[in-house]
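# Inside the fold
Now for the letters of each chain:
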Amino acid sequence: MAVTPWEDELTRQLQEKFGEQILEFSSYLGQNFLVARPEAVIPILEYLKAEAQFDYLVDVTAVDYPERPERFELVYILYSFERNQRIRIKTRIPEGFRPATAVPVYPTANWLEREVFDMFGIEFQGHPDMRRILLPEDWTGHPLRKDVSILDMDQRWVRQHLGIESGQ
Amino acid sequence: MKQGGALRRFLRKVLFIDLIEGLWVTFRYQQPKYIYTEQYPAERPKIAERYRGAPRLNTNPETGETLCIACNLCALACPENLIVVDSERDEKTRRKVLTTFTYDTSRCMFCGLCEDACPVDALELTQDFELASYSREGAIWDRQMLEEGPRPTKYAY
Amino acid sequence: MPDSTFLDATELVLNMGPQHPSTHGVLRVILKLDGEKVIGTECVIGYLHRGIEKIAENRTYAQFAPYVDRMDYVAAVSNGLGYCLAVEKLLGVEVPPRAQAVRVILTELNRIASHLIWLGTHALDVGAITPLFYCMREREEILNIFEKYCGARLTTHAFRIGGLQYETYDTFEQDVRAFCDMFLPKVDEYEELLTGNRIWIGRLRNVGILTAEECKAYGVTGPLLRAAGVKWDLRKAQPYSGYEQYDFEIPTGTIGDSYDRYLVRIQEMRQSVRIIRQALDGLPGGPIMGKVPKVIKPPVGEVYVSIEAPKGELGYYIVSDGSTQPYRVRVRPPSFVNLQALDKMCRGALVADVVVVIGTIDIVLGEVDR
Ligand code: SF4
Ligand code: SF4
């Protein structure tokens, strides 16, 4: 099954409101998603929450494509209890870009964004507490990036805190 | 009516009826069918037939030859990469012959993917569950150990 | 003016965990206290982080399946179901009806087992020891069924992509039916012990309230959301694995406190038995494995599939690049997201209530940290 365009009432509204900011409306295996410019993500989230009852942010995550110029793909998954509908909002950002945080819109984004920061090193602008969440605070490296091998670890941290030469 | 209730309550109190009722519950659980304690290791518990425990490399019961055809499928299926199969080609029959087979039980999660992958049912996870060993090396099983199975200490009582 | 000493301080920082019996694993909570009152909490997690998502990128699709059992290890079957459904959707594989029904039976049994662990440990936290023994006794029966069915008790690896590896064993139906008949009176027994118990009510009523609005804002799902009065269950809202055929109710609470959550979970156990019975009655015959290619290589694309795990919405977001290994697997863990609301629930409560609130969220640290 191929990616098909996604068109309905909601996409028309979004198109009208955001125009060029949204690059693509698509649907794959019956799941709708849109690709937006990074600056537009938070306004889109705000709009969807206020106008289209998408009141539950399911997940925030990222995917790393090191060979692309815009290396990371940020993914926001939204759900609406009212419509029983799920959509994904994706945006592509280059290394070092600091996307705006979604915490003021959805408080649940707090830990989810911290995890993205921890695993990919994407810093969110305006986040109330941008620290590592799963790994130790003085760890270096972001393990879910594709250039980190599964065997890599922060040897300095291992030596310092565990007192052994290597974690292997 | 009210008085009768009071009398009953009084009798219940002096005759320790509540206490006896409570103790009755306690003693009822002495019945053999309620006993859950297992007398391991004197009595080995009954393990389900499909239990995924200690690995075994099956041999032909008549000739004692291994069933393994050294196809390496189990090693490829294993998510932990802990099976190492080595073989050499028999010049006469042109068939692969198993030389070594090592299985690192310390890293195994007993998921069963290797036994599913085996085309001749040579590798099998059995009902043996006594895998403890005093050293890390002891947890790495070679071909002989895999064919004969673990020999846990037998306790006599 | 003398130097200020610790006697002047009004705030006390108290460290709870990571080795604390009622944090249900290695969770560390830093409490900021004013006397007995909690004025802030901070969770320190990650002690059990094993990098499951990184492991996924280095395994084939079939090889990764046993790892998901290690996330929420008291509900391993649900984890496996979610993962298999996601890969099946990506592959476009149809699961035969018999496999679907057996999956439902096992998942619901697992839901009961998970709720039993929750009930037992939660009651133990609050001070009632007996329910723990009762719950463990009944859970044992479920684990025995698992052991007989697939050979493992906890990390079951019961399902494979495309269906089931194991056909049900000979007495499977009898065993499950016997369990259902035995179990319902036991639920009444738990209720007899707890529902009207004054200490239980005193400790749980009005503790850790989360309203429906707050639940949605924090992304809290599962029994917590239902206790707040939202009739939402993914099994009904977006049915999977044939749940649309079964007739069951979604129990809800009213004010969303710990006591409501207790009632919701108790009712859910009863509903699970109801589903299991229906699934057994209509258990179809036929194959148990769909048409899955020998080498699993989903086409390029991505998919998000979620199921109603015992703890809430468990989602898998899988990105495929057309190779045999997933490009990215993201797990949306219900415990992790629900734990985030701990701060909200604890603020203004007493120290002793923190234990109740942690218990009532029903977290499993294996899933929080992954
Ligand atoms: S049971 Fe699983 S982990 Fe163990 S050797 Fe077999 S495939 Fe590997
Ligand atoms: S899959 Fe079976 S036959 Fe092939 S190497 Fe492994 S044990 Fe031997």
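Computed from a predicted model, the values in this text were never measured in an experiment.

### Let's talk about the overall build of chain A
- Counting its regular elements, chain A contains 4 helices and 6 strands.
- When the helices and strands of chain A are listed from N to C terminus, the series reads β-α-β-β-α-β-β-β-α-α.
- Seen through its principal axes, chain A has C-alpha atoms that stretch 60 × 35 × 25 Å.
- Relative to its full complement of 168 residues, chain A shows a buried share of 52%.
- Long-range contacts, defined as pairs at least 24 residues apart, comprise 47% of the intrachain contacts of chain A with a sequence gap of at least 6.
- Entry remark: accessible area of chain A is about 7,600 Å², with carbon and sulfur atoms responsible for 49%.

### Let's talk about unusual backbone geometry
- For Asn-84 of chain A, which is not glycine, the phi torsion reads 55° and is therefore positive.
- Relative to the helices and strands, Asn-84 of chain A is located in the loop between β5 (72-80) and β6 (85-93).
- One non-glycine residue, Asn-206 of chain C, adopts positive backbone phi at about 60°.
- Position of Asn-206 of chain C relative to the elements: it lies in the loop between α7 (198-204) and α8 (212-217).
- With relative accessibility at 52%, the residue Asn-206 of chain C sits in the exposed group.

### With respect to the domain arrangement of chain A
Residues and elements named next belong to chain A.
- Each assigned domain of chain A is listed with its residue range as follows: domain 1 (3-134) and domain 2 (136-168).
- Put simply, the middle of domain 1 and the middle of domain 2, counted by C-alpha atoms, are 30 Å apart.
- Taken residue by residue, the interface counts 13 residues in domain 1 and 11 residues in domain 2.
- A combined buried area of about 1,000 Å² lies between domain 1 and domain 2, and 49% of that area is made up of carbon and sulfur atoms.
- Among the residues domain 1 hides against domain 2, the three largest losses belong to Met-119, Phe-120 and Arg-132. Together they make up 51% of the total.
- Inspection of the region where domain 1 meets domain 2 yields 3 salt bridges.
- The partner of Asp-147 in a salt bridge is Arg-71, with the nearest N and O atoms 3.2 Å apart.
- Scanning the region where domain 1 abuts domain 2 turns up 11 residue pairs in polar contact (both at pLDDT 80 or more).
- It is helix α3 (residues 109-120) that contributes the most residues to the side of domain 1 that touches domain 2, 4 residues altogether.
- Per-class residue counts for the side of domain 1 that touches domain 2 are 6 nonpolar, 1 polar and 6 charged.

### Notes on the pairing of β6 of chain A
All names here are of chain A.
- Of all 9 residues in β6, 7 are buried; the element is thus mostly enclosed.
- As defined by bridge partners, strand β3 (residues 31-36) adjoins β6 across 5 bridges and the pair is classed as parallel. Its bridge partner lying in β6, Phe-33 is registered against Arg-88.
- By the bridge criterion, 9 bridges tie β5 to β6 in an arrangement that is antiparallel. Considered in β6, the bridge of Leu-78 is made with Ile-87.
- Between β5 and β6, which pair antiparallel one after the other, the connecting turn spans 4 residues, and Asn-84 there sits at a positive phi close to 55°.

### A short note on the packing of helix α4 (residues 97-126) of chain C against helix α5 (residues 130-150) of chain C
Residues and elements named next belong to chain C.
- Across the interface, α4 lies against α5 with an axial gap of 9 Å and an inter-helix angle of 155°. Put simply, α4 runs roughly antiparallel to α5. The crossing of α4 and α5 is left-handed.
- Of the residues contributing to the contact of α4 with α5, the split by class is 18 nonpolar, 3 polar and 2 charged.

### Remarks on the arrangement of the chains
- Taken together, the 2 pairs of chains in contact show their highest number of contacts between chains A and C.
- No part of chain A reaches chain B; the closest C-alpha pair between them is 13 Å apart.

### Side note on the interface of chain B and chain C
- Taken together, the contact between chain B and chain C spans 17 residues of the former and 23 residues of the latter.
- Summed over both partners, the interface of chain B with chain C buries about 1,600 Å², with 45% contributed by carbon and sulfur atoms.
- If you sort the residues of chain B by the area they bury against chain C, Arg-50, Arg-52 and Met-109 of chain B come out on top, with a joint share of 40%.
- Between the two partners, chain B and chain C, sit 1 salt bridge.
- Close ionic contact of Arg-160 of chain C with Asp-116 of chain B constitutes a salt bridge, the shortest N to O distance being 2.8 Å.
- Of all the secondary structure elements, the ones that give two or more residues to the side of chain B that touches chain C are α3 (73-77) and α4 (113-117) of chain B.
- Residues belonging to the side of chain B that touches chain C are distributed by class as follows: 12 nonpolar, 1 polar and 4 charged.

Rules of the game
Residues numbered from 1 in each chain as written. Chains lettered and ligands numbered in written order. Predicted model: local features only at pLDDT ≥ 70, side-chain atom pairs only at ≥ 80, totals over all residues. Heavy atoms only, no water. Helix = DSSP H or I, 4+ residues; strand = E, 2+ residues; numbered from the N terminus. Buried < 20%, exposed > 50% of the residue type's maximum accessible area, 1.4 Å probe, protein only. Contact = heavy atoms within 4.5 Å. Areas by Shrake-Rupley, 256 points an atom, 1.4 Å probe, with all protein chains shown as cover. Domains from an automatic or database assignment. Buried area = accessible area lost by both parts, 1.4 Å probe. Salt bridge = Lys/Arg side-chain N within 4 Å of Asp/Glu carboxyl O. Polar contact = N/O pair within 3.5 Å; in protein donor to acceptor, adjacent residues only side chain to side chain. Nonpolar A, V, L, I, M, F, W, Y, C, P; charged D, E, K, R; others polar. Pairing = 2+ DSSP bridges. Axes fitted to C-alpha atoms, helices over the stretch in contact; angles between N-to-C directions. Parallel < 35°, antiparallel > 145°, perpendicular 65-115°, else oblique. Left-handed = near helix turned anticlockwise from the far one by under 90°.

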